[in-house]
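Single-letter residue listing:
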Amino acid sequence: TQLLEQSPQFLSIQEGENLTVYCNSSSVFSSLQWYRQEPGEGPVLLVTVVTGGEVKKLKRLTFQFGDARKDSSLHITAAQPGDTGLYLCAGGPETSGSRLTFGEGTQLTVNP
Amino acid sequence: GAVVSQHPSRVICKSGTSVKIECRSLDFQATTMFWYRQFPKQSLMLMATSNEGSKATYEQGVEKDKFLINHASLTLSTLTVTSAHPEDSSFYICSAPSFRERGMFSRETQYFGPGTRLLVL
């Protein structure tokens, strides 16, 4: 069974600060997805990384996939209140149509 | 991107009644769909994998007679919570994987529905 450890679970920061969320595993994943979810809504895909060492940027968000494809990080620069939400990392799928492995989630609160 | 819808978005029911939740892939076909349960500020917990044309695969600890899944077509899966009790109150989310061809590579992406909030009184 593949496991993804996500940290921190809760993060409360002030507007303008930077933060990093980590996802780590002892297993190799074919890809790693990052989702953001707001209360009462489904998760929305932010990015998919597939190549070891890959770095993707989405405005103030930077996503990195580890060289060995076992870990990933999400860095947010100059956080804004609109960034508040639950961030989820998910690994896989192992085969087409199979399940994703989710991390525990990081609840981010950015205070104005 | 691909769109997955869920209906209803929220439902309140009395203890002992059954509630059906629909998950539809609107612009693509999905032979597989996934049903999740989520508690406040926590990650998604996979309940079962819905397979078109065959029985659903349930995760350990999920009662198959309690949570009935029917994958009626390539665009529709339903989850029925039978004899609901207050402890079944939760946020239920479905997802469906879809392939998108990009140059030489095809990449599978999972698309999530907006979720259904169930409250059992």
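What counts, and at which threshold
- Residues numbered from 1 in each chain as written.
- Chains lettered and ligands numbered in written order.
- Predicted model: local features only at pLDDT ≥ 70, side-chain atom pairs only at ≥ 80, totals over all residues.
- Heavy atoms only, no water.
- Helix = DSSP H or I, 4+ residues; strand = E, 2+ residues; numbered from the N terminus.
- Buried < 20%, exposed > 50% of the residue type's maximum accessible area, 1.4 Å probe, protein only.
- Contact = heavy atoms within 4.5 Å.
- Pairing = 2+ DSSP bridges.

Engineer: Which parts of the structure should I look at to understand the overall build of chain B?
Structural biologist: Per the secondary structure count, chain B includes zero helices and eleven strands. Secondary structure elements in chain B, listed N-terminal to C-terminal, are β-β-β-β-β-β-β-β-β-β-β. Across its three principal axes, chain B shows a C-alpha extent of roughly 50 × 30 × 25 Å. Looking at the 121 residues of chain B, the share that counts as buried comes to 53%.

Engineer: Sorry, what's going on with the environment of Ile21(B) here?
Structural biologist: Residue and element names in this part refer to chain B. With respect to the helices and strands, the residue Ile21 is situated in strand 3 (residues 19–25). Relative accessible area serves as the criterion here: at 0%, Ile21 is assigned to the buried category. Spatially, the C-alpha atom of Ile21 lies 19 Å from that of Gly53, the residues being 32 residues apart in sequence. What Ile21 contacts, discounting residues up to four positions off in sequence, is Gln6, His7, Pro8, Trp35, Ser77, Thr78, Leu79, Tyr92 and Thr116.

Engineer: What is the right way to read the pairing of strand 9 (residues 85–91) of chain A from this model?
Structural biologist: Consecutive residues of a regular strand have side chains that alternate between opposite faces of the sheet. Residue and element names in this part refer to chain A. Within strand 9, seven of the seven residues are buried, which leaves it mostly tucked inside the rest of the structure. Summarising the sheet, strand 4 (residues 32–37) and strand 9 pair through six bridges and their orientation is antiparallel. Paired with Gln37 across the two strands is Leu86, which belongs to strand 9. As paired strands, strand 9 and strand 11 (residues 106–111) are joined by three bridges and run antiparallel to one another. Looking across to strand 11, one finds that Leu86 is bridged to Gln107.

Purely geometric stuff here, so don't read any function into it on its own.
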